[in-house]
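Analysis of the macromolecular model
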Amino acid sequence: MANVTLRNVRKTYTGGFEAIKGVNVDVADGQFCVLVGPSGCGKSTLLRMVAGLETVTGGEIDIGGRVVNQIEPADRDIAMVFQNYALYPHMSVYNNMAYGLRNRGMAEAEIKTRVEEAARVLELSAMLERKPRQLSGGQRQRVAMGRAIVRQPKVFLFDEPLSNLDAKLRIAMRVEIRKLQRRLNTTSIYVTHDQLEAMTLADVLVVMNGGQVEQVGNPLAIYEKPATTFVASFIGAPPMNLMSTRPEEIKSQLGGAAGEAGIVGIRPEDFAITDQTPAGGVALPLTVEAIERVGAETFVYGSREQEDQRVAATPGELPPGEVIVRIPGTEAPAIGQKIRVAAVRAKLHLFSGDGRKRIEA
Amino acid sequence: MVEDEGIRRYVAHFILWIGIAIVAFPVYIAIIASTQDNALIANGQMSLLPGGHFFEVYYQTIFVGTSGSTREPVGNMMLNSLVMALAIAIGKIAISIISAYAIVYFRFPFRMSIFWIIFITLMLPVEVRIYPTYKIVADLHMLDSYAGLSLPLIASATATLLFRQFFMTVPDELLEASRIDGAGPLRFFWDTLLPLSRTNMAALFVILFILGWNQYLWPLLITTRDDMQTIQVGIRKMITTTDALTEWPIVMATAVLAMLPPVFVVVAMQKLFVRGLVETEK
Amino acid sequence: MQKQAIFQSKLLPYALVAPQLAIVLIFFYWPALQAVIQSFLLQDAFGLSTSFVWFDNYVELFKDPAYFAAIVRTFFFSFAIAVSSLSFALLLAVMADKPLRGSMLYRTLLIWPYAVAPPVVGVLWIFMLHPSLGVISRYLRAAGIDWNPLLDGNQAAGLIILAAAWKQISYNFLFFLAGLQAIPKSVFEAAAIDGARPMRRFWTVTFPLLSPTIFFLLVVNIVYAFFDTFGIIDTMTRGGPGTSTVTLVYKVYSDGLLGGNLGSSAAQSVILMIMVIVLTGVQFRFVERKVTY
């Protein structure tokens, strides 16, 4: 059992490229920490630095009170589940799990007990003698998990372990992983680019972008109060509507309350189709461009008459001038119809003009 | 497709059988000749059907040899060829796989220089440097030895390149998982990389064995003693310039025996052979 | 070129490359260097003194009509062997690529001659076409041909080309078949729907798509004809009659065997080296594949 602390961790490659620009994260003992961000944000690099597969060029990584910067991966007391599972193709399931234990000189009887216990938990008992190529994707994934479990490490590291599975299996395994981690109560760090996976798994969510941490915290707290426009548009699907406060139409509605805010964000579900204008809130006239009816809810894509000059800056963000509204599945305006949507004051997210700072009004 | 039906298909079968006949005919003649009486052959009276001397010809070939100047049993020549072919195949695979491992999985000063030093040998077969190589081997007192027969033929880059190429396709995560599982460089090589390379090694072995068995010019030069002759050299010495003395049934039996092991390997291990051939040419 | 995931070790990698490096340096670079040095030296008849003569050995070689003839002959042999073997192998491969019953059997029956060694090839063919006892020679004589390759240089050359091409059929067949099988069948189907008849389809679709394989095989066959024909020539004609089947490699061998001019023999080796390097370079440049040795 251990906590993991990253203190001002940096990674600069020999070419001068700075992959990690000073990251501070604290994962308490037994917590499930998820690193999430778009591809290239440095989340995998950071995880591999914790594993000892990448050298640390600045700062400290501390596992269970011991600085591990210079320690070999094998001696860090961690286990890792890789995206492609990295199972040894020529070894049976049993040997895949036993290999790391044998290398440590553990007695065969003890190895047997541990492997069989892990196989039982993961429902692999019937296939211990099979080779990885004889297993389905989900089974391979479980063997990779088993290989981590038998080690009984201080920390589990997961590098996008579910991204090679189909959608249905991914959801099932997601639940399994969470249950397993709860039961073993082992500190875990999990990397994913899927914000839904991140939200559902994390005790602590770390949103990364461009080699830096954008925000750390409880997933719901982050959803409720994103610290930057990047977090606002990355967490939550469909993404938050972000609009410039400059056009007269919005500025006048916000009044003085907006203060120095340059950007206002409203989540699709916080809009309602209404003719009223809530005090201090925002109301917009829209032309319905497209409708997606998915049953329980309906997404309305509307365009604003007044062109928004803000340039889309972050992945997942909407093109300027487009607004998504989420309404109950029973309602549906017609395409081309002119509607009016509004959000109350309490549901507005205000950010500085560069999107780097949240403003609490 | 529809047009592959009917008459066209018979034409294809016909052409293929003609090809097979052309390819097989010389060997058929050799097998027939190896069962016949030398006097009959020398008169140009050879029959195109098997004769009755099969056992005596092959017995004499394998255990006695020709009655002429080089009385060397072909059995012994085959043994020499076998040792040489195995030494070349195994030696090449062994030194190549470890050097490829070093070049792919380590970063060290002069890595690229060493790679190029090995790589360039790809371009020059032993034939073009034959006498200087002969001199080195003579200076090292390796004439008429298995080491002299095989070592200069081990010096080549094909296998190194093949293994390098294969190692590049092995996912990095496998090494990372091994490191986390506490395996060092030698253990990773032995426990993971070597077992994964089994098919490649087997395919390469098949090709190298055939190439080794079929070596001719080099053994011709460096073997002076009859008991160190390989079968390819031996067969040439059996053909005397004065035709009358050539014992054709024994020559043909030797030819059949010289073909037997490599042809068997090609037919029995066809999959590995094709794979090895295509891989080494890539 | 190299992995991202690597091991750290100072000495181990050197220990791992050492055996190969040692063998390559001793049996490859050292002799090659010797050949280059030797080619600039002239030894007197008794081997008592040597002097540095710059390019004299090379100049002598190119002034020697026998050497020039050997170059021309080698190239002629190479092209004749390559073209005849390639065209026959291509015909067989196109037939074997059709969905025929027993196509695996055909493949097996056509590829095994790859394993027959050049000197054995020589023995097989000289036996069949031997002037006095060859089984085919009988029919040639009956047809009124004055067949005696042991005396007639042109016939000897033809015999060498025939035997060498025969051996190479299986290799070419195998690569042509692989090349054909790599072409998606839908391309042929599209061409058929576009109204191309089989012969036209071969020349307008199959042949162009196969051209990388053809070029690759052309180079491999030429290199093969340069070197591997040695065993065939040595068992069949020993360069004769006269010098009518002496190729460059055979000349290096026979000149050296006579023990005469070491400098000239070395110069011949160096010229051969340059030729192979050029051929290999061409192959790398245009096909991005390499020769096997």
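Reading guide: rules and limits
- Residues numbered from 1 in each chain as written.
- Chains lettered and ligands numbered in written order.
- Predicted model: local features only at pLDDT ≥ 70, side-chain atom pairs only at ≥ 80, totals over all residues.
- Heavy atoms only, no water.
- Contact = heavy atoms within 4.5 Å.
- Buried area = accessible area lost by both parts, 1.4 Å probe.
- Salt bridge = Lys/Arg side-chain N within 4 Å of Asp/Glu carboxyl O.
- Polar contact = N/O pair within 3.5 Å; in protein donor to acceptor, adjacent residues only side chain to side chain.
- Buried < 20%, exposed > 50% of the residue type's maximum accessible area, 1.4 Å probe, protein only.
- Helix = DSSP H or I, 4+ residues; strand = E, 2+ residues; numbered from the N terminus.
- Pairing = 2+ DSSP bridges.
- Right-handed = clockwise from strand over helix to strand, strands pointing away.
- Domains from an automatic or database assignment.
- Nonpolar A, V, L, I, M, F, W, Y, C, P; charged D, E, K, R; others polar.
- Expected span 1.5 Å × (residues − 1).
- Phe/Tyr/Trp six-rings, centres within 6.5 Å; stacked < 30°, edge-to-face > 60°.
- Lys NZ or Arg CZ within 6 Å of the ring centre and 35° of its normal.

So, on to the interface of chain B and chain C. With 119 residues of chain B at the interface, the matching set in chain C holds 104 residues. Counting each side, the surface lost to burial between chain B and chain C is near 10,500 Å², with a carbon and sulfur contribution of 73%. If you look at where chain B meets chain C, you find one salt bridge. In this structure, the salt-bridge partner of Arg236(B) is Asp234(C), at a minimum N-O distance of 2.7 Å. Here chain B is connected to chain C by 17 residue pairs in polar contact (both at pLDDT 80 or more).

Glancing now at the pairing of strand E8 (residues 187-192) of chain A. Regular strands place their side chains on alternate faces of the sheet. Residues and elements named next belong to chain A. Within E8, six of the six residues are buried, leaving the element largely enclosed by the surrounding structure. Where strand E3 (residues 32-36) lies against E8, five bridges are found, and the strand directions are parallel. Within the sheet, the bridge partner assigned to Leu-35 lies in E8 and is Val-191. Inspection of the sheet shows strand E7 (residues 155-159) paired to E8 by five bridges, in the parallel sense. Its bridge partner being in E8, Phe-158 is matched across the sheet by Tyr-190. Following the chain from E7 across helix H5 (residues 167-184) to the adjacent parallel E8, one finds a crossover that is right-handed.

Take the interface of chain B and chain A next. Interface size is often expressed as the accessible area that is lost when the parts come together. Contacts between the two partners involve 17 residues from chain B and, on the opposite side, 23 residues from chain A. Here chain B meets chain A over a buried area of about 1,700 Å², counting both sides, of which 55% is carbon and sulfur. When the area that chain B buries against chain A is broken down by residue, the three leading residues are Arg179(B), Ile180(B) and Asp181(B), summing to 41%. Applying the counting criterion to the chain B and chain A interface returns three salt bridges. Here Arg151(A) makes a salt bridge to Asp181(B), at a shortest N to O gap of 3.4 Å.

All names here are of chain A. For chain A, the assigned domains are domain 1 (4-224) and domain 2 (237-359). The straight-line distance from the C-alpha centre of domain 1 to that of domain 2 is 38 Å. Facing the five residues of domain 1 at the interface are seven residues of domain 2. Carbon and sulfur atoms supply 32% of the area buried between domain 1 and domain 2, which totals about 490 Å² over both sides. The tally of links between domain 1 and domain 2 comes to one salt bridge. Here Glu-214 and Arg-356 are joined by a salt bridge, their closest N and O atoms 2.9 Å apart. Applying the counting rule to domain 1 against domain 2 returns three residue pairs in polar contact (both at pLDDT 80 or more). In terms of residue class, the side of domain 1 that touches domain 2 is built from two nonpolar, one polar and two charged.

We now examine the arrangement of the chains. With two pairs of chains in contact overall, the greatest share of contacts is found between chains B and C. No part of chain A reaches chain C; the closest C-alpha pair between them is 8 Å apart.

Right, let's get into the sheet that holds strand E18 (residues 349-351) of chain A. Picture the strands of a sheet paired through backbone hydrogen bonds; they go either parallel or antiparallel. Residues and elements named next belong to chain A. Sheet architecture is open: four strands sit in the order E11-E12-E18-E19, paired in antiparallel fashion. A strand with exactly one partner marks an edge of an open sheet, and here the two such strands are strand E11 (241-244) and strand E19 (358-359). Across four bridges, the pairing between E11 and strand E12 (residues 263-266) is antiparallel. By the bridge assignment for E12, Ser-244 is matched with Ile-263.

Along the chain, Thr121(B) falls in the loop between helix H5 (111-120) and helix H6 (130-139). At 2.5 Å, the side chain of Thr121(B) and the backbone oxygen of Ile118(B) are in polar contact. Apart from the residues lying within four places of it in its own chain, the contact partners of Thr121(B) are Ala155(B), Ser156(B), Ala157(B), Val24(C), Phe28(C) and Tyr29(C).

This paragraph deals with helix H8 (residues 158-169) of chain B. For an α-helix, the turn length of 3.6 residues means that residues three or four places apart are oriented alike. Residues and elements named next belong to chain B. Here H8 spans 17 Å end to end across 12 residues, near enough to the 16 Å set by a 1.5 Å rise per residue. Counting buried positions along H8 gives nine out of 12 residues, so the element sits mostly inside the fold. Of the positions making up H8, those classed as buried are Thr-158, Ala-159, Thr-160, Leu-161, Leu-162, Phe-163, Arg-164, Phe-166 and Phe-167.

For side chains bearing opposite charge, pairing can occur when the charged atoms are close. Taken as a whole and judged by the stated rule, the model has 24 salt bridges over all chains. Salt-bridge contacts for Arg10(A) lead to Glu18(A); the nearest nitrogen and oxygen are separated by 3.1 Å. Its relative accessible area of 30% is what places Arg10(A) among the partly exposed residues. Under the relative-accessibility criterion, Glu18(A) is labelled partly exposed at 32%. Taken together, the shared-partner salt bridges connect Lys11(A), Arg48(A), Glu54(A) and Glu176(B) into one network.

This model, assessed by the stated rule, comprises 44 aromatic pairs over all chains. Residues Tyr105(B) and Phe188(B) carry aromatic rings whose centres are separated by 5.5 Å and whose planes lie at 65° to one another, so their mutual orientation is edge-to-face. You can see Tyr105(B) sitting in helix H4 (residues 74-105) and its partner Phe188(B) sitting in helix H10 (residues 185-196), a full 83 residues away along the chain. Of the two residues, Tyr105(B) and Phe188(B), both sit in the buried class. Between the aromatic rings of Phe115(B) and Trp116(B), the centroid separation amounts to 5.9 Å while the plane-to-plane angle is 75°, which identifies the pairing as edge-to-face. Overall, the relative accessible area of 8% leaves Phe115(B) in the buried class. The exposure class of Trp116(B) is partly exposed, given its relative accessible area of 44%. If you follow Arg147(A) out to its NZ or CZ, it ends over the ring of Tyr88(A), 5.0 Å from the centre. The ring of Tyr114(C) carries Lys167(C) above its face, with NZ or CZ at 5.4 Å from the centroid.

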